[in-house]
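Coordinate analysis (summary)
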Amino acid sequence: MSKDTINNNIKTKTPDGFRTVIVIPNYNGLRFLDDCMNAIDAQTVDHFVTLVIDNGSGEEDTEWLKHWQEKDKVHRKLILNKDNLGFSGAVNQGIRYAMEHKIEFTLLLNNDTKAAPDFVEVLENRMDKDSKKKVFAISSKMVKMHDPSIMDDAGDQMTVLGWQFQRGLDEPSSLPRWNTESEVFSACAGAAMYRTEHFEKVGLFDENHFAYLEDIDLCYRAQLYGFKVLYCPEALVHHVGSGTSGSKYNDFKVRLSARNSLYLLYKNLPLFMVILNILPILAGYLIKILFFTKKDFLKSYMEGIFEAFSKFKTLKRAKINEVPPMRYLTLELRLIAATFEYASRLMRRYSPKARG
């Protein structure tokens, strides 16, 4: 750990039998912690350890977390960072803990969530069915905290436009498509389980991202290396959404999202795929420019774009030369299919029937 990290009991020997570590990053999220932790305490299994990584929150958060940990130092661990390391930096500390202690599964969970009682058990059982260990990550069924009948996320997809989108967002959670297991492009890291040993090959979250799209980047890399990502509808979690950033659109979020969208393309696409997709990618960014101009966030969006170009040389790219060409072809077909899926979603949302 760095000199800027306070490590509370983190070196305590992990008891035998812990299969999962639940990693929860926190930054001034005190208003969410009671619901989040109570849901964890109510899980149907107890062979897991909960590790909270606090990213330099105020005194109220840190005092609450210290008191929370004191109640059960075996099952509850705490890292207090003096500075905000971002989502990527924080969860990487949790992943390293899992790797060091050889804990089978790493479950990332946002602090503004409330997991169903069998959440951990369902995800572990689904991982156990993967006897060949081809699955890198499993995304959960996330529904709106204020209205569970509405979806928040059913795994994430990526399109040939360079856009990413949440499957199911704002649609009825009862629809069959959101209650059927499927392969997805990325697991939403707000509530997803990863097979810890695969981080050795895939690598950890890229801390250059700080926050936003880091989970898409990670799962992109995992698929390049031959792993799968699944959506498991039986693993249910209620989610507030934007619990840390505070709103759907703000200058910070728009800038980082614009920057990171270019980061993940640069790191994961070989030149021939850039050439193949250059027209839809340019079209996608042009549409985003028009969109954020209308939303009065053009300045922040363009700052993110220019920052990305200025930092490309500092980024570590995926081992593109080791990826079989047919794997890229398969991914290209999936990007095209996801583009049609996104168009279909827009048609459902803006159809006369949807508008009422």
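The residue numbers shown here count from 1 along each chain, following its written sequence. For this predicted model, a pLDDT threshold of at least 70 governs which residues receive local features, and a threshold of 80 or more governs which side-chain atom pairs are given and counted, while totals over whole chains, interfaces and linings are taken from all residues. Excluding hydrogens and water, the side-chain values take into account all heavy atoms of the structure.

Exposure above 30% relative accessible area and no salt bridge define the residues that can form patches, which grow by joining like charges within 9 Å and nonpolar side chains of Val, Leu, Ile, Met, Phe, Trp and Tyr within 5 Å. A 1.4 Å probe and the Shrake-Rupley method give the accessible areas. Residues count as covered only by the protein chains that appear here. Here, a salt bridge means any side-chain nitrogen of Lys or Arg that lies within 4 Å of a carboxyl oxygen of Asp or Glu. Taken together, the side chains of Met-326, Leu-329, Leu-333, Ile-336 and Phe-340 present a nonpolar region at the surface, about 530 Å² in accessible area. Position of Phe-340 relative to the elements: it lies in helix α10 (residues 325-350). Three labels apply to residues, based on accessible area from a 1.4 Å probe with only protein chains included: buried if under 20% of the type maximum, exposed if over 50%, partly exposed otherwise in between. Judged by its relative accessible area of 62%, Phe-340 is exposed. Where helices and strands are cited, they refer to DSSP runs of H or I of at least four residues and of E of at least two residues respectively, numbered from the N terminus.

The next subject is helix α3 (residues 86-100). In this scheme, a helix's expected span is set at 1.5 Å multiplied by one less than its residue total. The terminal C-alpha atoms of α3 lie 22 Å apart, and with 15 residues this matches the ideal 21 Å at 1.5 Å per residue to within 8%. In terms of burial, α3 is largely enclosed, as 12 of its 15 residues are buried. All buried positions along α3 are accounted for by Gly-86, Phe-87, Ser-88, Gly-89, Ala-90, Val-91, Asn-92, Gln-93, Gly-94, Ile-95, Tyr-97 and Ala-98. Positive backbone phi, approximately 55°, marks Lys-102, located one or two places after α3.

A separate point is the side chain of Arg-259. Relative to the helices and strands, Arg-259 resides in helix α7 (residues 251-268). For Arg-259, the side chain forms a polar contact with the main-chain oxygen of His-209, separated by 2.9 Å. N or O atoms closer than or at 3.5 Å make up a polar contact, with two conditions inside protein: a donor-capable atom paired with an acceptor-capable one, and, for residues adjacent in sequence, both atoms drawn from side chains.

Glancing now at the pairing of strand β13 (residues 228-239). Most of β13 sits inside the fold, with 9 of its 12 residues counted as buried. When DSSP finds two or more bridges between a pair of strands, those strands are recorded as paired. Sheet topology places strand β6 (residues 113-115) next to β13; 3 bridges connect them, and they run antiparallel. Within the sheet, the bridge partner assigned to Thr-113 lies in β13 and is His-239. Alignment of strand β7 (residues 135-144) against β13, held across 9 bridges, turns out to be parallel. Paired with Val-135 across the bridge in β13 is Lys-228. Here strand β11 (residues 182-183) runs beside β13; their pairing, made up of 2 bridges, is antiparallel. Of the residues in β13, the one forming a bridge with Ser-182 is Tyr-231.

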